[in-house]
Amino acid sequence: GAVVSQHPSRVICKSGTSVKIECRSLDFQATTMFWYRQFPKQSLMLMATSNEGSKATYEQGVEKDKFLINHASLTLSTLTVTSAHPEDSSFYICSAETPPEAFFGQGTRLTVV
Amino acid sequence: KNQVEQSPQSLIILEGKNCTLQCNYTVSPFSNLRWYKQDTGRGPVSLTIMTFSENTKSNGRYTATLDADTKQSSLHITASQLSDSASYICVVSPGAGGSYIPTFGRGTSLIVHP
């Protein structure tokens, strides 16, 4: 089946630094990818929709200058958490759709210290 | 407002027993409904996907049902195993004319005890 690879699976960074998370669709092209954030024991919260070749669409309350999304190709989207703070510590998950299915990456556990 | 409600919030069963998880939705227009299994600290993995015309779909010990008239779905797990312990998430996608963004349920946390 289709596979979405997310990297890294875990990252620890210092406050004030930036962290980049990659999401790749390995065997299909995805014009649209989604980025989610998940807090413990809660459901996935959509942060933004990443569109290949155009600007991402951010959900209300998500700072676009803090969470930079780049969808440079049909198989790769990146999420960069800029000037990270401890409150940005969370589980970040991407997904890519090949209708009607959607496949999720393995997730990235970000810890900001 | 599109909503997906799942019940129960959590469930504990003994290994070998069956269980059924519920999903009610108000997403309209409707395109498809998917059930995912999410292990702790991992991304969701697809179990089943159903469109408007499908009533039942099975994937091994998992059987999903869909009643598009009442906007209800269920996921039945047969002969549960310890590895079934996870969060089960119902996701409903809108059809043409609606937002293309899927709506997630909050999930049911299933614990299978030996």
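What counts and what doesn't
Residues numbered from 1 in each chain as written. Chains lettered and ligands numbered in written order. Predicted model: local features only at pLDDT ≥ 70, side-chain atom pairs only at ≥ 80, totals over all residues. Heavy atoms only, no water. Phe/Tyr/Trp six-rings, centres within 6.5 Å; stacked < 30°, edge-to-face > 60°. Helix = DSSP H or I, 4+ residues; strand = E, 2+ residues; numbered from the N terminus. Buried < 20%, exposed > 50% of the residue type's maximum accessible area, 1.4 Å probe, protein only. Lys NZ or Arg CZ within 6 Å of the ring centre and 35° of its normal. Pairing = 2+ DSSP bridges. Axes fitted to C-alpha atoms, helices over the stretch in contact; angles between N-to-C directions. Contact = heavy atoms within 4.5 Å. Buried area = accessible area lost by both parts, 1.4 Å probe. Salt bridge = Lys/Arg side-chain N within 4 Å of Asp/Glu carboxyl O. pLDDT = per-residue confidence, 0-100.

K.L.:
Even after reading the chapter, I still don't get the packing of aromatic side chains, so can you show me in this structure?
P.N.:
What characterises a pair of aromatic rings is the spacing of the ring centres plus the angle enclosed by the ring planes. Enumeration over the complete set of coordinates arrives at 9 aromatic pairs over all chains. Measuring from centroid to centroid gives 5.0 Å for Phe104(A) and Tyr36(B), while their planes differ by 90 degrees, and the two rings are edge-to-face. Taken together, the residues Phe104(A) in strand E10 (residues 101-104) and Tyr36(B) in strand E4 (residues 30-38) connect one chain to another. Neither Phe104(A) nor Tyr36(B) differs from the other in exposure class; each is buried. Here a set of aromatic residues connected by ring pairs shows up, and it is made of Phe34(A), Tyr36(A), Phe104(A), Tyr36(B) and Phe104(B). We note Arg61(B) situated over the ring of Tyr62(B); from NZ or CZ to the ring centre the distance is 5.7 Å.

K.L.:
Would you mind showing me how to read the pairing of strand E3 (residues 19-25) of chain A here?
P.N.:
All names here are of chain A. Of the two faces of E3, only one is covered, namely that formed by Val19, Ile21, Cys23 and Ser25; the face formed by Lys20, Glu22 and Arg24 stays uncovered. In this structure, E3 lies alongside strand E8 (residues 76-81), joined through 6 bridges in antiparallel fashion. Bridge pairing in E8 places Arg24 opposite Leu76.

K.L.:
Explain the sheet that holds E3(A) here, please?
P.N.:
Each strand in a sheet pairs with its neighbour through backbone hydrogen bonds, running either in the same direction (parallel) or in the opposite one (antiparallel). Residue and element names in this part refer to chain A. Strand order across the open sheet formed by 4 strands is E1-E3-E8-E7, with antiparallel pairing between neighbours. The open sheet has two free edges, formed respectively by strand E1 (4-7) and strand E7 (67-73), since each of these has just one partner strand. Across this sheet, the average inter-strand angle for adjacent strands is 15 degrees, counted without regard to direction. As defined by bridge partners, E7 adjoins E8 across 5 bridges and the pair is classed as antiparallel. If you follow Asn70 over to E8, its bridge partner there is Thr78.

K.L.:
Please clarify how the interface of chain B and chain A should be interpreted in this entry.
P.N.:
One frequently used descriptor of interface size is the decrease in accessible area upon assembly of the parts. Contact residues are listed per partner, giving 17 residues for chain B and 19 residues for chain A. Both faces combined, the contact of chain B with chain A buries some 1500 Å², and carbon together with sulfur accounts for 58% of it. For Arg34(B), the salt bridge goes to Glu97(A), with nearest N and O atoms at 3.6 Å. With 4 residues, the single largest contributor to the side of chain B that touches chain A is E4(B).

K.L.:
Explanation requested: the confidence of the model for chain A in the structure shown.
P.N.:
Should pLDDT be low for a region, the predicted coordinates there are not to be read in detail. Per-residue pLDDT for chain A averages 92, and the proportion of residues at 70 or more is 98%. Across chain A, element-level confidence peaks in strand E11 (residues 108-112) of chain A with a mean pLDDT of 97 and bottoms out in E10(A) with 86.

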